[in-house]
Amino acid sequence: MAKNTRQAKPRLLLMGQRRSGKSSITSVVFHKMEPQETLFLESTTRIQKDIMNSFMDFQVWDFPGQLDYFDSTFDTTQIFADIGALIWVIDAQDEYSDSLARLTTTIINLQNTFPHINVEVFVHKTDSLNEDFRSDIFQDVVQRVGDDLNDAGYINPNVSYHLTSIYDSSIFEALSSVIQKLIPELDVLQNLLDTLINNSGMTKAYLFDILSKIYVASDTRPVDSDIYEICANYIDLTVDFTDLYNYPRDDPKSLGEQMEEVESSMTFEDGKMVYLKEMNKHLCLVTVIQNKEAKDKKGLIDYNVHIFQDALKAVFERAWEKTGGEVTGEGQSSARPEQNSLET
Amino acid sequence: MDARKRKKKVLLMGKSGSGKSSMRSIIFSNYVAKDVRRLGATIDVEHSHARFMGNLTLNLWDCGGQDAFMDSYLNSQRENVFTNAQVLIYVFDIESREVDRDLDTYSAVISALKQFSPSAMVFCLVHKMDLVQAEHRERIYEERCRMILTQSDSMSVETFASSIWDQTLYKAWAGIVHKMIPNLSIIERFLRAFAEQISAEEIVLFERSTFLTVTSVDTTAPKSTSEETANPNPDRHERISNIMKSYKHTVAKSTKGPSSSSVSAAGFVLYKVQTPSFNAFLARFTENTYIAVVVPPGEAAFNCAVLNTMMAKGAFLKKTGVEG
């Protein structure tokens, strides 16, 4: 059983030419390294496996760029069998024809045996390129990969493209959308968030993984990267601030009752309010409310968020019971990857 | 108090390229650390005014540090530059290769200051400390301080290690400004009494636009030793300044409009955080200050503390006469 659940961890595979920025991505997103410091990273010589213990345990495999995975000495089944997404990193500041050629071979090889794998192409290191040039390169990559796959007879393959850079929030947003595709409960979460924001006058709400600042789900309104940054940095603000005063006290005093979770809010001069509430050990809800009346109705917001929290708990409990194999044939009929892998 | 007296003339000096204008821009003009590389060299003296806590205006003389300018400050403009100076902030570049020459210039400046404003306070910032490897920082800084002190000619000098890349910059400037605020003891007495009223662990007062720490009271400290407090983070106030200012930039970026006005519109009114081990809030207090209050957990008591703080504003103004 323990073995089974371990295999059910969605696995992210990071691949691409050497020096394209794969290790920098894992360091910045999962190890909180400053982007400037990634300059000093050594090149990766063996497969680097990172296990993220977060709301969902997933693995990140960082592949050395020079490896040839389809060499017969490699056990492709072992590498690709359970993976959720293959992330292919392309250095946009470099000559990328070789990288594209290898990408298409990889996709074609995968299509035969593991067609369910999402291929995510990160057009990376785009920070220093100007806007026009950036979108030219992006178009070029999409076009060339699409053409090559078409020629090989694969129409509409499972490939998505993202413009990324570790120097801004784009890498977090791209990884968020990669991970969201691997979450079976995503629809439910989005529905819950939609209900919450519509009933509480919120502009946008994100459910964040606290450690990595990747968002697990958001409501279905269009994503605005400014609001994303306000929310993501708000987590930093609150975590940093809390660290300063969260020391063990010799004689802890208390002035009354209080909830267990961290809750925080900030109101601005223009009436805007940012609100954060810890949902469980790994997740927190961050939302922006533009309505000027928000600060007077905080009690109501608290209450709504509390109900959302209960619903969230119910969603994840169910998932846990299912992986435990105790509930069968009941609940949502949508196929869950981990459920399938257990039953076979 | 007459207006002349409230204006404090602050001389900002040091070798060319040592970082004087960079820190001024970060502290007083809301620059982000990585934006200061756009600044050009300061030509001659740039004057600027920084209002601080309403009744204290800093008249900053940012003195370009190239040799030719230095010469003219020390000779032809000597009297003009050095008379009536309340504060001299002298910046040393830790990376400088001509330490002896820097010290010579410094001692020339000190003697000029002694001649025209003998009562001025002198603060020396050993700057760009981020360029020194962390394990050597302490030692190199102390060595440098000793050299500075030997050249200071019996003026009272305070030294700070600083870097624009972390909270040490705020620590240094808060230390400087702290010395200049009038009525400081009255403010502190008021805050201490208030802290006891609302059972606060700590109260910190910040200046509004710079977010520099004005003063703080900590009730967890044993009465005998005022330095030692229960909190294991001695640099927490500077860190708060740093954290709050960087978040302000995030918000300002998204508030569309000309950058200078959006930064002020991005100012927050109230920040609250409730955790199982403490509750805290940071709120706009008076026209020119923010107040940070840390209290033990307890939801009802926390909400009361927020309300009480807002109501204490009037009493604070009346008692301390800070904003006139």
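What you are looking at is a predicted structure, and each value in this text was computed from that prediction instead of being measured. Along every chain, residues carry numbers that run from 1 in the direction the sequence is written. A letter from A marks each chain and a number from 1 marks each ligand, given out in the order of writing. This being a predicted model, a pLDDT of at least 70 is required before a residue's local features are given, and a value of 80 or more before pairs of side-chain atoms are given or counted; all residues contribute to the totals for chains, interfaces and linings. Side-chain measures here rest on the full set of heavy atoms in the structure, leaving out hydrogens and waters.

**Student:** Can you help me understand the overall build of chain A in this one?
**Tutor:** Only runs of H or I of at least four residues qualify as helices and only runs of E of at least two qualify as strands under DSSP, and these elements are numbered from the N terminus. The number of helices and strands found in chain A is 10 helices and 11 strands. Burial classification: accessible surface area is computed with a 1.4 Å probe over protein chains only, and a residue below 20% of its type maximum counts as buried, one above 50% as exposed, and the rest as partly exposed. Put simply, chain A has 344 residues, and 49% of those count as buried. Long-range contacts, defined here as pairs at least 24 residues apart, represent 66% of the contacts in chain A between residues at least 6 apart. A total of about 16,800 Å² of accessible surface is found on chain A, and carbon and sulfur atoms cover 48% of it. Note on contacts: a residue pair is in contact if any heavy atoms of the two residues lie within 4.5 Å. Residue exposure ignores everything except the shown protein chains as possible cover, and the areas themselves are Shrake-Rupley values with a 1.4 Å probe.

**Student:** Explain the pattern of salt bridges here, please?
**Tutor:** Pairing is possible between side chains of opposite charge, provided their charged atoms come close. Only one rule defines a salt bridge in this text: a Lys or Arg side-chain nitrogen within 4 Å of an Asp or Glu carboxyl oxygen. Throughout the structure, instances matching the rule amount to 21 salt bridges over all chains. Between Asp236 of chain A and Lys213 of chain A there is a salt bridge, with the nearest N and O atoms lying 3.0 Å from each other. Placement of Asp236 of chain A in helix α8 (residues 225-245) and of Lys213 of chain A in the loop between β7 (204-209) and β8 (215-218) is noted, with a sequence separation of 23 residues between them. What makes Asp236 of chain A partly exposed here is its relative accessible area of 30%. Classification of Lys213 of chain A by relative accessible area gives buried; the value is 10%. In this structure, Asp302 of chain A engages Lys298 of chain A in a salt bridge whose closest nitrogen and oxygen atoms are separated by 3.6 Å. Note that Asp302 of chain A and Lys298 of chain A are positioned in helix α9 (residues 298-323) at a spacing of four residues, about one turn of the helix. A single network of salt bridges, built from pairs that share partners, joins Lys15, Asp67, Glu98 and Arg101 of chain B.

**Student:** Can you walk me through the nonpolar core in this structure?
**Tutor:** Note that soluble globular proteins tend to have their nonpolar side chains buried in a common cluster. The term nonpolar core refers to a set of buried residues drawn from Ala, Val, Leu, Ile, Met, Phe, Trp, Tyr and Cys, joined through side-chain atoms within 4.5 Å. Counting 82 residues, the largest nonpolar core has Phe208 and Phe241 of chain A together with Met244, Tyr271 and Leu282 of chain B as its most contacted members. Considering every element that reaches this core, the biggest residue donor is α8 of chain A, with 11 residues. When neighbours within four sequence positions are excluded, Phe208 of chain A is seen to be in contact with Lys213, Ile214, Tyr215, Tyr228, Cys231, Ala232, Ile235, His282, Leu283, Cys284 and Val286 of chain A. Val177, Phe194, Val217 and Val306 of chain B belong to the second largest nonpolar core, which has 54 residues in total.

**Student:** Is there a simple way to think about empty space enclosed by the protein in this case?
**Tutor:** Any space left empty among the atoms is revealed by the rolling of a water-sized probe across them. Of the two site types, the cavity is a set of points on a 1 Å grid over the protein atoms alone where a 1.4 Å probe fits but cannot get out, and the pocket is an open set with protein on both sides within 12 Å along at least five of seven lines, each lined by residues with an atom within 4 Å of a point. Grid points are joined across faces, edges and corners, and a volume is the space filled by probe spheres set on the points. Taken as a whole and judged by the stated rule, the model has two cavities of 30 Å³ or more. For the second largest cavity, the calculated volume is near 30 Å³. What lines the second largest cavity is simply Tyr245 and Tyr247 of chain A together with Glu201, Glu202, Asp218, Thr220, Asn231 and Val294 of chain B. Throughout this entry, Asp, Glu, Lys and Arg are counted as charged residues, while Ala, Val, Leu, Ile, Met, Phe, Trp, Tyr, Cys and Pro are counted as nonpolar. The remaining residues, Gly among them, count as polar. Its residues assigned to classes, the lining of the second largest cavity shows three nonpolar, two polar and three charged.

Structural measurements only, silent on function.
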